[in-house]
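As a plain string of letters, each chain reads:
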Amino acid sequence: MNLLKNKRIDFYLLGVILLSLFMNFFLLSQASTNAYYTVAVKSMMKNFHNFFYASFDPAGFITVDKPPVALWLQTLSAKVFGFSNFSVLLPEALAAVSATVIVYQMVKQKAGRIAAFISGITMSVTPIFIAVTRTNNVDSILILTLVIAAWAVFKAAATTKLRWLLLSAVMIGIGFNVKMLEAFMILPAIYLFYFIAVKVNWKKKIMHLVAATVVLAAISLSWAVVVDSIPADKRPYIGSSQTNSVLELAFGYNGVSRLTGQQGGAGAGKMPTRQKSSASQAQQVPFSDKNTQNGNANHAPGGTAPTGTLNGGPGGSNNAGNGTPANGAQSDGPSVSGKTMGGTPPSGMNDGRGAGRQGGMFGTGNAGPLRLFSKALSGQASWLLPFVLFSGIAVVADFLRRRKLDQKHAFAIFWLAWLVPAMAFFSIAGFFHHYYLSLLAPPIAALTGLGFTYMWRDFSDSTRSWRSFLLPIAFGGTLLFEAAIFYQNSIATLWIILLIIAAVLTTGIGLIWRSADRKIQAAIVGTSIFVMLLAPLYWTLPSTFNQTNSSIPVAGPTSTQTGMGGMGMNGGGQRGRAQSGNAEGGAPSMNQEAGTSRFEMPSNESGAAPTRTRSVRRGMGDQVNTKLLTYLRKHYTGEKYILGVERAQSAYSIMLKTNDAVMAMGGFSGNDPALTVSKLEKMVKAGEIKYFLLSEIQAMGSSSSVTNWIQKHFKKVPTSDWSDTNSNSSQNGQGGQSNLYVYQKS
């Protein structure tokens, strides 16, 4: 009772924590995972060698396409709680809640509990932030490291102690080892804030920043330098690199290529084309199979490629057997049409209605200053950007009135210096996924809460001339933009009408009652905040109910098919059903960051965000071709690898369901030059591998010589011996899609 009387319990913080826990943990045990990283976690649990390198397979042949820190946390969680979807997802969910709480505390210290409460709630209802944290993609762990870095630099400004700045640099360096150069998005904010906010002379500031830069470089490059210095034959091949180098991966595929849209595959920034191995074969894609359209078809982790899948690399989209991506998004992988994809989608891409579409890779829209407000991206993280704009105006107006830069102004500048460069990058970048926008959640949340305090103070004092109009106009403008998002996506007409009415009422009533009693003003403003946050909450809830893709999460109610704008349950208690990937009845598509455990529906119109199906409660792993596995085990004689495949997706289900090692000789995309003819010849002669499953469509890239050598020196196994006609596994060989080869000594 004394605690309650003394108000030592922060009920605002408690409310934020409870909401964040609900949004991130509700039904988490039933959620799915990105199979590519989940397979890696299982492999990393086997020994320290795999753990250190983030090896994709238990034999340590090739790594995944990310540095290991986030995967280390997932592996440790799986060690403690047992290998399951929940244990792999737990670190991401905890990171999201922790980041939200830290943002709350930072805003509270500068602007009070009300502002902190608004910031915490805003972050908890940022759709793409919640969507990605409920997967084992690494973004929420990256965001946590950056939020801690922000807290540390604020501490440095308050104490003028160098150690806090160095801690900030360390955390960003750790973030680099989570998702590489994306961690450096915060650097403009760190450097600018320290220079304007710390009360020491400018020479000392420069010395401190130089020291922090040295620490940042040392931590960031530590793992990469160590790995690259180890002889190639003593470690796994670095997945998604072309030179077996972590540094090349960091500054190439995970660096400059994200901006330019060009990615490594067959060579310098170009995508390899693909061809059929014989003219008589049907137009199929590698390792695909017939697809079921029921809830059991989409197990995760360990989802397999449905018919038409063609992933060029982490994040690649799949094709529907007709040479066009079924969801209309451009793949970062090979082109079936035979044309190189250099950032411009080939002609012929269409949605489920046969309508043509344009837009950037993976349905992220066309580059330009309004990209974040376009149909493709507006629903992910942009909901409150109009309010943030007015917040910035309020901060600038306060600075001009005071003619002095105080700590609160510097606090706002920090978040703007995080937000604006990130927005600029996503406005022009050629290669990113929707869920990368989760990086915008902390600055948008902080600026929303902070800006509210400025605008509320001006609103409650009608003598402040034009500044007193800012808050009601900010509410009205934001609500109109939210209505525009619903209109862009052609859903929930009732929401559009209600939001327009709310915009008119909040603006009109706010302007009329500016001189009213403070309690009436508070009621108006409180109601306006609640209404303003309803729309992003609505867009976020499908993710909380596991209705979004676990490999390339895209938030929003377009992922559902029934109920309020698609949020209802369909028959049989299932949350959705895989649907046709194209107008001609093609197979479901599965866009992937690095493997998938969800089917996706076709994209909408030009620049639209991809539509998605709702997920079903899943177990660990997709169907295994039991006949193939039985055949392989029957003829297994102690080889290091029970099977070799062209790319990682074809190995998911076997490695998730068994402890057998499968060699993904071309990495995720099938285009990594991880295996040469000479290396393969030595492995075969040493008895390390004797079976390969090869697709009927071969990559005309670095691996073509390897597959040609296999076809020349191996014998094709009759399909009837290993192919299960009733299986929907990615190892099925029906329809001329893949063949099993066995090495026989001459």
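Bear in mind that the values here come from a model prediction, so they are computed numbers and not experimental data.

Calculation rules
- Residues numbered from 1 in each chain as written.
- Predicted model: local features only at pLDDT ≥ 70, side-chain atom pairs only at ≥ 80, totals over all residues.
- Heavy atoms only, no water.
- Helix = DSSP H or I, 4+ residues; strand = E, 2+ residues; numbered from the N terminus.
- Buried < 20%, exposed > 50% of the residue type's maximum accessible area, 1.4 Å probe, protein only.
- Contact = heavy atoms within 4.5 Å.
- Areas by Shrake-Rupley, 256 points an atom, 1.4 Å probe, with all protein chains shown as cover.
- Pairing = 2+ DSSP bridges.
- Axes fitted to C-alpha atoms, helices over the stretch in contact; angles between N-to-C directions.
- Salt bridge = Lys/Arg side-chain N within 4 Å of Asp/Glu carboxyl O.
- Parallel < 35°, antiparallel > 145°, perpendicular 65-115°, else oblique.
- Left-handed = near helix turned anticlockwise from the far one by under 90°.
- Phe/Tyr/Trp six-rings, centres within 6.5 Å; stacked < 30°, edge-to-face > 60°.
- Lys NZ or Arg CZ within 6 Å of the ring centre and 35° of its normal.
- Expected span 1.5 Å × (residues − 1).
- Bend = angle between axes of the 7 residues up to and from the residue.
- Core = buried A, V, L, I, M, F, W, Y, C linked by side-chain atoms within 4.5 Å.
- Domains from an automatic or database assignment.
- Arc of directions from axis to C-beta.
- pLDDT = per-residue confidence, 0-100.

Below, the discussion takes up the overall build of the protein chain. For the protein chain, the helix and strand inventory stands at 25 helices and nine strands. Looking at the protein chain residue by residue over its 746 residues, the buried ones come to 63%. The contacts of the protein chain with a sequence gap of at least 6 include a subset with a gap of at least 24, amounting to 73%. With the model as given, the accessible surface of the protein chain reaches about 25900 Å², and the carbon-plus-sulfur share is 62%.

Looking now at the sheet that holds strand 6 (residues 691-695). In spatial order, the strands read 5-4-6-9-8; together these five strands make up an open sheet with mixed pairing. Edge strands, defined here as strands with exactly one partner in the open sheet, are strand 5 (662-664) and strand 8 (714-716). Across the sheet, the axes of successive neighbouring strands diverge by a mean angle of 30°, strand direction being ignored. Note that strand 4 (residues 643-645) and strand 6 share two bridges and pair parallel. Of the residues in strand 6, the one forming a bridge with V645 is L693. Contacts from helix 21 (residues 626-634) reach strand 4, strand 6 and strand 9 (738-743) within the one sheet, and its direction differs from that of strand 6 by about 150°.

What follows deals with the pattern of salt bridges. Pairing between side chains becomes possible if they bear opposite charge and their charged atoms approach one another. All chains considered together, the criterion is met by 12 salt bridges. Measuring nitrogen to oxygen at the nearest pair gives 2.9 Å for the salt bridge that ties D398 to R402. Within this pair, D398 and its partner R402 are both found in helix 15 (residues 385-402), separated by four residues, close to a single helical turn. On the accessibility criterion, D398 (1% relative accessible area) is buried. Residues R457 and D458 are paired through a salt bridge, measuring 3.4 Å at the closest nitrogen-oxygen approach. On the accessibility criterion, R457 (23% relative accessible area) is partly exposed. Judged by relative accessible area, D458 falls into the buried class, the value being 1%. By sharing partners, the salt bridges in this structure join D398, R401, R402, R457, D458 and R467 into a single network.

Taken across its six residues, strand 9 has five buried, putting it largely inside the fold. The pairing of strand 6 with strand 9 spans five bridges and is antiparallel. Within the sheet, the bridge partner assigned to S695 lies in strand 9 and is S738. Of the pairings in the sheet, the one linking strand 8 to strand 9 comprises three bridges and is antiparallel in character. Considered in strand 9, the bridge of K716 is made with Y741.

Looking at the secondary structure, you find K404 in the loop between helix 15 and helix 16 (407-428). Among the residues examined, K404 registers a relative accessible area of 58% and is labelled exposed. Excluding residues that lie within four positions of it along the chain, K404 makes contacts with F399 and H409.

Before going further, it helps to spend a moment on the packing of helix 6 (residues 85-111) against helix 9 (residues 139-159). Closest axis-to-axis distance for the helix 6/helix 9 pair is 8 Å, and the angle between their directions is 25°. It follows that helix 6 is roughly parallel to helix 9 by the angle criterion. In this structure, helix 6 crosses over helix 9, and the sense of that crossing is left-handed. Contacts from P91, E92, A95, A96, S98, A99, I102, V103 and M106 of helix 6 reach helix 9 at S140, I141, I143, L144, V147, I148, A150, W151 and F154.

Next up on the list: the packing of aromatic side chains. Applying the stated criterion across every chain yields a total of 44 aromatic pairs. Here F414 and W415 contribute two aromatic rings whose centre-to-centre distance is 5.0 Å and whose plane-to-plane angle is 85°, an arrangement assigned as edge-to-face. Across the pair, W415 and F414 agree in class, each one buried. Chaining the aromatic ring pairs together yields one cluster made of F48, F51, F52, Y53, W72 and W223. Lying over the aromatic face of Y454, K408 brings its terminal NZ or CZ to 4.6 Å of the ring centre.

Residues apart from glycine generally show negative phi values, whereas peptide bonds are mostly found in trans. The phi dihedral of S240 falls on the positive side, at around 70°, and the residue is not glycine. As for its placement among the helices and strands, S240 is situated in the loop between helix 12 (202-229) and helix 13 (246-260). Given the relative accessible area of 7%, S240 is considered buried. Phi is positive for A492, close to 50°, though the residue is something other than glycine. With respect to the secondary-structure elements, A492 resides in the loop between helix 18 (470-488) and helix 19 (493-512).

This next bit is on helix 6. Since the α-helix packs 3.6 residues into each turn, any two residues three or four apart lie on the same face. End to end, helix 6 covers 39 Å across 27 residues, agreeing with the expected 39 Å (1.5 Å per residue, within 8%). P91 marks the point of greatest bend in helix 6, at about 30°. In the segment just after helix 6, G112 is the residue with positive phi, at about 100°.

Attention now goes to the nonpolar core. Counting 140 residues, the largest nonpolar core has F414, W415, F426, L440 and F486 as its most contacted members. The residue makeup of this core includes at least three contributed by each of domain 1 (11-259) and domain 2 (371-545). Setting aside anything within four residues of it in sequence, one finds F426 in contact with M185, R371, L372, F432, Y436, L437 and L440. Grouped together as the second largest cluster of nonpolar side chains are 59 residues, Y36, F51, A651 and L680 included.

When you line up the elements, K179 lands in helix 10 (residues 162-179). When residues no more than four places from it in sequence are discounted, the contact partners of K179 are K66, P67, V138, D139, L142, Y435 and Y436.

When helix 21 is considered as a whole, its buried residues turn out to be L628, L629, Y631 and L632. All buried residues of helix 21 lie within an arc of 160° about the axis, which places them on one face of the element. Exposed positions of helix 21 whose direction lies more than 90 degrees from the buried face are T630 and K634. Those residues of helix 21 that are buried are in contact with strand 4, helix 22 (652-657), strand 6, helix 25 (719-722) and strand 9.

Bringing the pairing of strand 6 into the picture now. A large share of strand 6 lies buried, amounting to five of its five residues. In strand 6, alternate side chains face the same way, and those of Y691, L693 and S695 on one face and F692 and L694 on the other are all buried.

By the secondary structure assignment, I186 is in the loop between helix 10 and helix 11 (187-197). Separated by 228 residues in sequence, I186 and F414 have C-alpha atoms that sit 9.2 Å apart. I186 has contacts with L146, A150, I172, F414 and W418, leaving out every residue within four places of it along the chain.

For the protein chain, per-residue confidence averages 80 on the pLDDT scale, and 74% of positions sit at 70 or higher. Long-range and interchain partners of residues 264-358, a stretch whose pLDDT sits below 50, account for 347 contacts in this model, where long-range means more than four residues apart. In this model residues 559-619 is a low-confidence stretch, pLDDT under 50, and it forms 267 contacts with partners more than four residues away in sequence or in other chains.

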